[in-house]
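Residue-level structural notes
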Amino acid sequence: MKVVAVEEHLATEAFLRVAHGLDVVPGDETEIELMRTVENSPEFHARLVDLDARLREMDALGQDMAVLSLNPPGVQPYPAADAVPLAREFNDALAAIVRRRPDRFGGLATVAPQDPAAAATEIERAMGPLGLNGIMVNSHTGGRYLDEPEFAPLLAAAEASRAPIYLHPRAPGMLAAYRDYGMPGAIWGYQAEAGLHAMRLILSGTLDRHPGLTIVLGHLGEGIPYWLRRIDNRHAFAVRTAGAATPMPRLSLTPSEYFRRNFVLTTSGIDDPDVLGLALRAAGADKIMFAIDHPYEDPAAAVAFLRDAPLTDEQRSAIGHRTADRIFGLA
């Protein structure tokens with residue numbers, strides 16, 4: 001079985017050398033301090049930068065391809081004047097990696113949403129001359145979300161360029177309630193943040209304005225499949241009830257219809273057959289892709305889950321590679 005993993009992070013020595021010397025925008029200091037600690041630790045540093053070792057690991061596991069992306073939160077915590085050129089330099093390096101081994105690597109460009117016009121230009125360059133496969137946005141940028149009007153140029157460029165947007169988690173933009181007990185990270189804050197961002201895109205009408213967008217969510221949908229029936233129910237109640245306590249915009253479709261039309265899910269970090277079954281019923285195998293979340297999850301366990309999960313051969317093939325081939329243009 002062909003196996004393509006689509007949330008596989010890396011960094012380059014050049015990127016880390018520059019990024020670790022930059023000032024950080026107010027509010028993102030704690031997250032960046034933690035990520036720099038991770039990136040400087042010998043184990044994670046090696047796993048992020050050593051692609052020869054990664055290829056050997058992929059060969060040992062029977063993993064055919066990895067769609068690479070910059071280690072989160074990318075360039076989004078830096079001032080725009082620093083972030084824009086840093087994104088371009090990283091994307092040049094990523095494109096060179098993909099050109100050297102197109103049989104083993106795809107790539108998701110990084111952009112600086114803090115300068116939406118520059119981000120739009122970079123999306124066009126990434127999907128055109130650089131030949132990359134989409135972009136990654138690490139949720140909020142300075143506490144701002146992609147449904148807000150200032151980001152319309154970024155979304156229009158992604159739609160026009162047919163660039164899938166991998167909406168990756170980061171520490172929540174409204175951090176105060178998550179600060180205690182380690183909750184800003186992957187145990188809770190990450191999925192809460194990415195799920196919030198996805199729901200803002202759905203409920204704001206953004207996907208009426210940009211119906212051709214493809215949004216990729218990790219962790220089998222960041223919890224949204226679990227809530228989808230209730231989301232539809234509460235939205236319908238709010239728009240038909242005068243004086244509803246939580247008024248909501250009228251939309252062309254139900255929230256679940258946007259979810260099924262515009263979103264694609266990945267398995268990253270969720271090796272759970274029950275959750276996979278829920279996602280299959282909510283979205284279908286042609287909207288689910290395999291992902292490991294390298295270097296933060298165990299690649300062997302993730303590949304074993306893909307091979308052993310209670311799936312039909314057709315579902316396993318779709319999740320294992322066919323959906324990724326279609327969404328990211330890998331074939």
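Above this text you will find the structure in question.
First things first, this report covers the structure right here in the doc. None of the values given here were measured: they were computed from a predicted structure. (Residues numbered from 1 in each chain as written. Predicted model: local features only at pLDDT ≥ 70, side-chain atom pairs only at ≥ 80, totals over all residues. Heavy atoms only, no water.)

Adjacent strands of a sheet pair through backbone hydrogen bonds, lying either parallel or antiparallel. Ordered in space as E1-E2-E3-E4-E5-E6-E7-E8, the 8 strands form an open sheet in which the pairing is parallel. Of all strands in the sheet, those with a lone pairing partner are strand E1 (4-10) and strand E8 (288-289), marking the two edges. Bridge analysis of strand E2 (residues 65-70) against strand E3 (residues 105-110) gives 4 bridges, and the strand direction is parallel. Note on E3: the bridge partner recorded for Ala66 is Phe105. (Pairing = 2+ DSSP bridges. Helix = DSSP H or I, 4+ residues; strand = E, 2+ residues; numbered from the N terminus.)

Another aspect to go through is the pairing of strand E7 (residues 263-266). Of the two faces of E7, the one carrying Phe263 and Leu265 and the one carrying Val264 and Thr266 are both buried. Relative to E7, strand E6 (residues 215-217) runs parallel, the two being bridged by 3 bridges. Note on E7: the bridge partner recorded for Ile215 is Phe263. Examined bridge by bridge, E7 and E8 share 2 bridges and lie parallel to one another. From the neighbouring strand, Thr266 faces E8, where its bridge partner is Met289. (Buried < 20%, exposed > 50% of the residue type's maximum accessible area, 1.4 Å probe, protein only.)

Next up on the list: helix H5 (residues 80-100). Structurally, the α-helix is built with 3.6 residues per turn, so residues lying three or four positions apart point the same way. Compared with the 30 Å implied by 1.5 Å per residue over 21 residues, the 30 Å span of H5 between its first and last C-alpha is a close match. What H5 keeps buried is the set Ala83, Leu86, Ala87, Phe90, Asn91, Leu94, Ala95, Ile97 and Val98. Buried residues belonging to H5 abut E1, helix H1 (13-19), helix H4 (51-61), E2, E3 and helix H6 (116-127). (Expected span 1.5 Å × (residues − 1). Contact = heavy atoms within 4.5 Å.)

Let us now look at the packing of aromatic side chains. Ring pairs (aromatic) are described by centroid distance and by the angle formed between their planes. Counted by the stated rule, this structure contains 4 aromatic pairs. With a centroid separation of 5.6 Å and 25° between ring planes, the pair formed by Phe44 and Tyr296 is classed as stacked. Taken as a pair, Phe44 in helix H3 (residues 42-49) and Tyr296 in the loop between E8 and helix H14 (299-308) lie far apart in primary sequence, 252 residues in all. Given a relative accessible area of 23%, Phe44 falls into the partly exposed group. Note on Tyr296: relative accessible area 29%, which makes it partly exposed. Geometrically, the ring pair formed by Tyr226 and Trp227 is edge-to-face, given 5.3 Å between the ring centres and 75° between the ring planes. Classification of Trp227 by relative accessible area gives partly exposed; the value is 48%. Over the face of the ring belonging to Phe237 we find Arg234, whose NZ or CZ atom lies 4.8 Å from the ring centre. (Phe/Tyr/Trp six-rings, centres within 6.5 Å; stacked < 30°, edge-to-face > 60°. Lys NZ or Arg CZ within 6 Å of the ring centre and 35° of its normal.)

The full count for this structure, using the stated rule, is 13 salt bridges. Note that Arg144 is salt-bridged to Glu148, the shortest N-O span being 2.4 Å. Between Arg200 and Asp147 there is a salt bridge, with its nearest N and O atoms 2.8 Å apart. You can see Arg200 sitting in helix H8 (residues 189-203) and its partner Asp147 sitting in the loop between strand E4 (135-137) and helix H7 (152-160), a full 53 residues away along the chain. Because the salt bridges share partners, they merge into one network encompassing Arg88, Asp92, Glu122 and Arg125. (Salt bridge = Lys/Arg side-chain N within 4 Å of Asp/Glu carboxyl O.)

What follows is about H4. Residues Leu51, Arg54, Leu55 and Met58 constitute the buried set of H4. Down the axis of H4, the buried set is contained in an arc of 100°. They therefore lie on one face. Exposed and oriented more than 90 degrees from the buried face of H4 are Asp52, Arg56, Asp59 and Ala60. In the core, the buried residues of H4 are packed alongside E1, H3, E2, H5 and E3. Its side-chain oxygen at 3.2 Å from the backbone nitrogen of Asp52, Asp50 defines the N-terminal cap of H4. Directly beyond the C-terminal end of H4, a positive phi value near 75° is found at Gly62. (Arc of directions from axis to C-beta. Polar contact = N/O pair within 3.5 Å; in protein donor to acceptor, adjacent residues only side chain to side chain.)

The next thing to look at is the environment of Val84. Tracing the sequence through the fold places Val84 in helix H5. In sequence terms Val84 and Arg230 are 146 residues apart; their C-alpha atoms lie 40 Å from each other. Those residues in contact with Val84, other than ones at most four positions away along the chain, are Ala112, Asp115 and Ala118.

Now for the pairing of E2. Of all 6 residues in E2, 6 are buried, a share of seventy percent or more. Covered by surrounding structure in E2 are Met65, Val67 and Ser69 together with Ala66, Leu68 and Leu70, the residues of both alternating faces. As judged from the 5 bridges shared by E1 and E2, these two strands associate in the parallel manner. Within the sheet, the bridge partner assigned to Glu8 lies in E2 and is Leu68. Read from E2 through H5 to E3, the crossover connection turns out right-handed. (Right-handed = clockwise from strand over helix to strand, strands pointing away.)

Time to look at the packing of H14 against helix H15 (residues 313-328). Across the interface, H14 lies against H15 with an axial gap of 9 Å and an inter-helix angle of 150°. With respect to their mutual orientation, H14 and H15 come out roughly antiparallel. Taken together, the residues of H15 that come into contact with H14 (itself represented by Leu306, Arg307 and Asp308) are Arg316, Ile319 and Gly320. Grouping the constituent residues of the contact of H14 with H15 by class yields 2 nonpolar, 1 polar and 3 charged. (Axes fitted to C-alpha atoms, helices over the stretch in contact; angles between N-to-C directions. Parallel < 35°, antiparallel > 145°, perpendicular 65-115°, else oblique. Nonpolar A, V, L, I, M, F, W, Y, C, P; charged D, E, K, R; others polar.)

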